[in-house]
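# Summary of the model geometry
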Amino acid sequence: MAMTACRECGEQVSKSARTCPYCGISSPGFSALQFVTSLIVVLLIGAGIAGAIGNQNDHPSAANATTRGAHGGRQIAESACGVSMAQYLALKTDMTYTTVVSILGCYGEETSSSEIAGFKSVLYTWRGNGFAANMNAIFQNGRLASKAQFGLK
Ligand SMILES: [Zn+2]
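Below or above, wherever it landed, is the structure these notes cover.

What counts and how
- Residues numbered from 1 in each chain as written.
- Predicted model: local features only at pLDDT ≥ 70, side-chain atom pairs only at ≥ 80, totals over all residues.
- Helix = DSSP H or I, 4+ residues; strand = E, 2+ residues; numbered from the N terminus.
- Buried ≥ 20, exposed ≤ 12 C-beta atoms within 10 Å, placed from the backbone.
- Contact = placed C-beta atoms within 7 Å.
- Pairing = 2+ DSSP bridges.
- Core = buried A, V, L, I, M, F, W, Y, C linked by C-beta atoms within 7 Å.
- Axes fitted to C-alpha atoms, helices over the stretch in contact; angles between N-to-C directions.

Further remarks concern the overall build of the protein chain. When helices and strands are counted, the protein chain shows 3 helices and 6 strands. In sequence order, the secondary structure elements of the protein chain are arranged as β-β-α-α-α-β-β-β-β. Counting only residues that meet the buried cut, the protein chain has 10% of its 153 residues in that class. In the protein chain, 35% of the contacts between residues at least 6 apart in sequence involve partners at least 24 apart.

Now the structure itself:
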């Protein structure tokens, strides 16, 4: 049987002894060091659980921050960008050019413009995100009338 020094009187007692046969204290083999170590373990486990709960709480706020950043930090590039199929599909007839630009994230290149009987039609072209991909949209009096794409991903 493993023996250890009693933490109170120092006599050799069994590690598993509930009380010291010499001085009568309880758990004589349970040293102060072991007690501190187990206390630290308990604290670490507690901290781990608290940390896990804290992390779960952090997720929604982190998502909110990302959303805020996307709204506040949306940059409209002057140069051509790569329009994706998802962006293209988000474009609906009758949208204004400004709305379309905010969805695509960049201004289109005005390819042609004509005005017939007070009806102004402007064709804008955007570069797509795929090889030789592009999209174009015709705006009539500033509203999206039709769109077309090639090779968007
Ligand atoms: Zn003792």
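Having put the structure on the table, let's press on.
Across residues other than glycine, the phi torsion is negative in most instances, and most of the peptide bonds are trans. Phi is positive for Ala117, close to 50°, though the residue is something other than glycine. Despite not being glycine, Ala132 shows a phi value in the positive range, around 55°. Take Ala132: there are 8 C-beta atoms within 10 Å of it, and that puts it in the exposed class.

What follows deals with the pairing of strand S4 (residues 119–127). Here strand S3 (residues 109–116) pairs with S4 via 7 bridges, running antiparallel. Across the sheet, Glu109 pairs through a bridge with Thr125, a residue of S4. Hairpin connection from S3 to S4: 2 residues lie between these consecutive antiparallel strands, with Ala117 at a positive phi of about 50°. Bridge analysis of S4 against strand S5 (residues 134–140) gives 7 bridges, and the strand direction is antiparallel. Bridge pairing links Trp126 to Met135 in S5.

Moving on, we get to the nonpolar core. Core analysis: the largest hydrophobic core is formed by 9 residues, namely Val83, Tyr88, Val100, Leu104, Tyr124, Trp126, Met135, Ala137 and Phe139. Where this core is concerned, the elements lending two or more residues are helix H3 (97–104), S4 and S5. Of all the elements, S5 adds the most residues to this core, at 3 residues. The contact partners of Tyr88, leaving out residues within four places of it in the chain, are Val83, Met135, Gln149 and Leu152.

Within the open sheet, the 4 strands sit side by side as S3-S4-S5-S6. Their pairing is antiparallel. The open sheet terminates on both sides in strands that have one partner only, identified here as S3 and strand S6 (143–150). Along the sheet, successive strands turn relative to each other by an average axial angle of 15°, direction set aside.

With respect to the helices and strands, Ala132 occurs in the loop between S4 and S5. Between the C-alpha atom of Ala132 and that of Phe150, which follows or precedes it by 18 residues, the distance is 8.0 Å.

On to the pairing of S5, then. Burial along S5 is one-sided: Met135, Ala137 and Phe139 are buried, and none of Asn134, Asn136, Ile138 and Gln140, which face the opposite way, are. The pairing of S5 with S6 spans 7 bridges and is classified as antiparallel. Paired with Asn136 across the strands is Ala148, a residue of S6.

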